[in-house]
Amino acid sequence: MPPILQHVQQATKMMSRRKILLLVLGCSTVSLLIHQGAQLSWYPKLFPLSCPPLRDSPPRPKHMTVAFLKTHKTAGTTVQNILFRFAERHNLTVALPHPSCEHQFCYPRNFSAHFVHPATRPPHMLASHLRFDRAELERLMPPGTVYVTILREPAAMFESLFSYYNQYCPAFRRVPNASLEAFLRAPEAYYRAGEHFAMFAHNTLAYDLGGDNERSPRDDAAYLAGLIRQVEEVFSLVMIAEYFDESLVLLRRLLAWDLDDVLYAKLNARAASSRLAAIPAALARAARAWNALDAGLYDHFNATFWRRVASAGRACVEREARELREARERLLRRCFGEEPVLRPAAQIRTKQLQPWQPSRKVDIMGYDLPSGGAGPATEACLKLAMPEVQYSSYLLRKQKRRGGVRARPEPVLDNPPPRPIRALPRGLQGH
Ligand SMILES: Nc1ncnc2c1ncn2[C@@H]1O[C@H](COP(=O)(O)OS(=O)(=O)O)[C@@H](OP(=O)(O)O)[C@H]1O
């Protein structure tokens, strides 16, 4: 053995096992630090702190053809209002339902291009409730249309559905004392698949997306995976209601719109007295278990959403979301006074701004214009807070006039859908 090795062997023998362990630990820590140092120097590249440029060079024009799948109780009315106002400002045509379908495209039937009023074809935009049917939408919308939709956390969404459709959905009407807890303790006792408006009581998101809301991912995981794949194939962006402002930042970047194009007033919100302040954890678990397909969709697209935010630059998206909130607050103050408040329909004097009320037990809130307002700014403010029913009727009248369609009774569809579930705001009923 060479003398150097003999020396090492001797030294090793002299060291206790504990010392050897310490030496190994020390070496590993140094190597880890060197490795981490390299990672840290890459950090800004992985998570850019500044916003990447929105516009390509040459600048991308604003995208004008959009189909928004308005799912139920997911903040969809607020998104619809943003799209309606954009369409008006840019003189675009909005696909609107035939009057026999009321303001929805004959929901809950599968969407058909026949449900679209002829005066609103060919459209640039579409944003009214419908049950998704890819082939029929592609038949209607021009090539290059960007498809977007929005999802909401299923327990919160279910609580909203249960309250809003309580008088319309037989599964909910059967529950004693309109108790959400009683329903979720034994949903099968109240729910009958296939009956009128059953889709509001079971996996509503899956149904709106054109899926089979009776499938359970526990028995059939492949079904959920297939539905997710179909949604991913069609929709360029799936927004998340809980992160509404961040969603709008991604939307306006996708469409190359300005931040001003996505300013909004929150629409269709229940009064605090009509909602649970917080959903107890056990109830939320039960709601997710009952709506397991929706929970699977939400979890998947919530994760994809945050990956999108990371690739746009999280700090950048947050900064833009903050700018959006500030600009929105300024706009609301300008329109609705120094302290803009959401108020119940009975306190809103401007009829065009009174939201539809689903029942005497649920208050849907809205904004009102300060008295004496007039002029072009008022018109913009009116649209900003205009509920879905009034805005859809207004747009249909306007587009019919533009297309030279004279006011005359509409032909009735061969097979009319079940009666619409929205009518005039409560304050206007019986007038
Ligand atoms: N900007 C924003 N951010 C977060 N949440 C919002 C927003 N705008 C509306 N909402 C809430 O969305 C619920 C209404 O959803 P929709 O307009 O889609 O309802 S509907 O299906 O058209 O009747 C309704 O929820 P609930 O109040 O829980 O019922 C609204 O409060």
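Further up the page is the structure itself.
Now for a quick tour of the structure. Here the residue numbering is sequential within each chain, running from 1 through the sequence in written order. Reporting in this predicted model follows two pLDDT cut-offs: at least 70 for local features of residues, and 80 or more for side-chain atom pairs to be given and counted; totals over whole chains, interfaces and linings ignore these cut-offs and use all residues. Hydrogens are left out, water is left out, and the side-chain values use all remaining heavy atoms of the structure.

1. Points about helix 12 (residues 281–290)
Three exposure classes are used, based on accessible area relative to the maximum for each residue type with a 1.4 Å probe and protein chains only: buried under 20%, partly exposed in between, and exposed over 50%. Strands here mean DSSP runs of E at least two residues long; helices mean DSSP runs of H or I at least four residues long; both are numbered from the N terminus. Listed as buried for helix 12 are Leu 283, Ala 284, Ala 287 and Trp 290. Summarising the axial view, the buried residues of helix 12 lie within an arc of 130°, below the 170-degree limit, and thus occupy one face. Summarising the geometry of helix 12, the exposed residues directed more than 90 degrees from the buried face are Ala 281 and Arg 285. In this structure, the buried side of helix 12 is in contact with helix 5 (154–164), helix 7 (180–185), helix 8 (187–190) and helix 13 (292–312). Throughout, the arc means the angular range of directions from the helix axis out to the C-beta atoms. In this analysis, two residues are considered to be in contact whenever any of their non-hydrogen atoms come within 4.5 Å of each other.

2. A closer look at the pattern of salt bridges
When a carboxyl oxygen of Asp or Glu lies within 4 Å of a side-chain nitrogen of Lys or Arg, that pair is called a salt bridge. All told, the structure shown has 21 salt bridges when counted by the stated rule. The partner of Asp 245 in a salt bridge is Arg 325, and the shortest N-O contact between them spans 2.9 Å. Highlighted residues: Asp 245 in helix 11 (residues 244–255) and Arg 325 in helix 14 (residues 314–336), separated in sequence by 80 residues. Residue classification places Asp 245 among the buried positions, given a relative accessible area of 9%. Overall, the relative accessible area of 30% leaves Arg 325 in the partly exposed class. Through salt bridges with shared partners, a single ionic network connects Lys 62, Arg 89, Asp 258 and Asp 261.

3. Some remarks on the layout of surface pockets
In this structure, the largest pocket spans a volume of roughly 530 Å³. Within this scheme a cavity is a closed region of a 1 Å grid, computed over the protein atoms alone, that accommodates a 1.4 Å probe without allowing it to escape, whereas a pocket is open but has protein on both sides within 12 Å along at least five of seven lines; lining residues each have an atom within 4 Å of a point. In terms of lining residues, the largest pocket is bounded by 26 residues, among which Thr 74, Ala 75, Arg 152, Ala 241 and Lys 266 are the most central. At the level of secondary structure, the elements contributing two or more residues to the lining of the largest pocket comprise helix 3 (76–89) and helix 5. Three classes are used: nonpolar for Ala, Val, Leu, Ile, Met, Phe, Trp, Tyr, Cys and Pro, charged for Asp, Glu, Lys and Arg, and polar for all others, with Gly counted as polar. For the lining of the largest pocket, the residue count by class is 8 nonpolar, 9 polar and 9 charged. Grid points are joined across faces, edges and corners, and a volume is the space filled by probe spheres set on the points.

4. Thoughts on the packing of helix 11 against helix 14
Across the interface, helix 11 lies against helix 14 with an axial gap of 9 Å and an inter-helix angle of 105°. Relative to helix 14, the element helix 11 is oriented roughly perpendicular. Listed contacts from helix 14 to Asp 245, Glu 246, Leu 248, Val 249, Leu 250, Arg 252 and Arg 253 of helix 11 are Cys 316, Val 317, Glu 318, Glu 320, Ala 321, Leu 324 and Arg 325. Looking at the contact of helix 11 with helix 14, its residues break down into 7 nonpolar, no polar and 7 charged. Think of each axis as a best-fit line through the C-alpha atoms, taken over the contacting stretch in the case of a helix, with angles from 0 to 180 degrees between the N-to-C directions. Each angle is binned into one of four classes, with values under 35 degrees roughly parallel, values over 145 roughly antiparallel, values of 65 to 115 roughly perpendicular, and all other values oblique.

5. A few points about empty space enclosed by the protein
Tallied over the entire structure, the rule returns 5 cavities of 30 Å³ or more. Taken as a whole, the largest cavity spans an internal volume of roughly 130 Å³. For the largest cavity, the lining is made up of 15 residues, of which Asn 268, Pro 355, Trp 356, Pro 387 and Glu 388 are closest to its centre. Among the secondary structure elements, those contributing two or more residues to the lining of the largest cavity are strand 7 (365–366) and helix 16 (388–402). Of the residues contributing to the lining of the largest cavity, the split by class is 10 nonpolar, 3 polar and 2 charged.

6. Things to note about the packing of aromatic side chains
Centres within 6.5 Å are what make two rings of Phe, Tyr or Trp a pair, Trp counting through its six-membered ring; a difference in plane orientation under 30 degrees is then read as stacked, over 60 as edge-to-face, and the rest as tilted. Counted under the stated rule, the structure contains 27 aromatic pairs. Arranged with centres 5.5 Å apart and planes meeting at 80°, the rings of Phe 172 and Phe 183 form a pair that is edge-to-face. Placement of the pair is Phe 172 in helix 6 (residues 170–173) and Phe 183 in helix 7, with a sequence separation of 11 residues. We note that Phe 172, like Phe 183, is buried. Three or more aromatic residues joined by ring pairs form one cluster here, namely Tyr 107, Tyr 164, Tyr 165, Tyr 168, Phe 197, Phe 200, Tyr 207 and Trp 356. For a lysine, the NZ atom is tested; for an arginine, the CZ atom; a charge sits over a ring if that atom is within 6 Å of the ring centre and within 35 degrees of the ring normal. A cation sits over an aromatic face here: Arg 131 above Tyr 207, 3.7 Å from the ring centre. A cation over an aromatic ring shows up here: Arg 328 above the ring of Tyr 264, its NZ or CZ 4.3 Å from the ring centre.

7. Some thoughts on the environment of Leu 395
One can find Leu 395 in helix 16. Given the relative accessible area of 2%, Leu 395 is considered buried. On a C-alpha basis, the gap between Leu 395 and Arg 360 in space is 28 Å, while along the polypeptide they are 35 residues apart.

8. Considering the nonpolar core
Note on soluble globular proteins: their nonpolar side chains tend to be buried together. Buried Ala, Val, Leu, Ile, Met, Phe, Trp, Tyr and Cys residues that are joined via side-chain atoms within 4.5 Å together make up what is termed a nonpolar core. In this structure, Leu 126 and Phe 183 are the most contacted members of the largest nonpolar core, which totals 120 residues. Ranked by residue count, the leading element in this core is helix 14, at 8 residues. Not counting chain neighbours up to four residues away, the residues in contact with Phe 183 comprise Phe 158, Phe 162, Ala 171, Phe 172, Val 175, Tyr 190, Ala 201 and Trp 290.

9. Describing unusual backbone geometry
Residue Tyr 107 is joined to Pro 108 through a cis peptide bond whose omega torsion reads 10°. Mapped onto the fold, Pro 108 is located in the loop between strand 2 (94–95) and strand 3 (125–126). The residue after Arg 121, namely Pro 122, is reached through a cis peptide bond having omega -5°. Note on placement: Pro 122 falls in the loop between strand 2 and strand 3. Notably, Lys 73 is not glycine yet its phi reads approximately 60°, a positive angle. For Lys 73, the location among the structural elements is in the loop between strand 1 (66–69) and helix 3. Residues other than glycine seldom take positive phi values, yet Ala 256 does so here, at roughly 55°.

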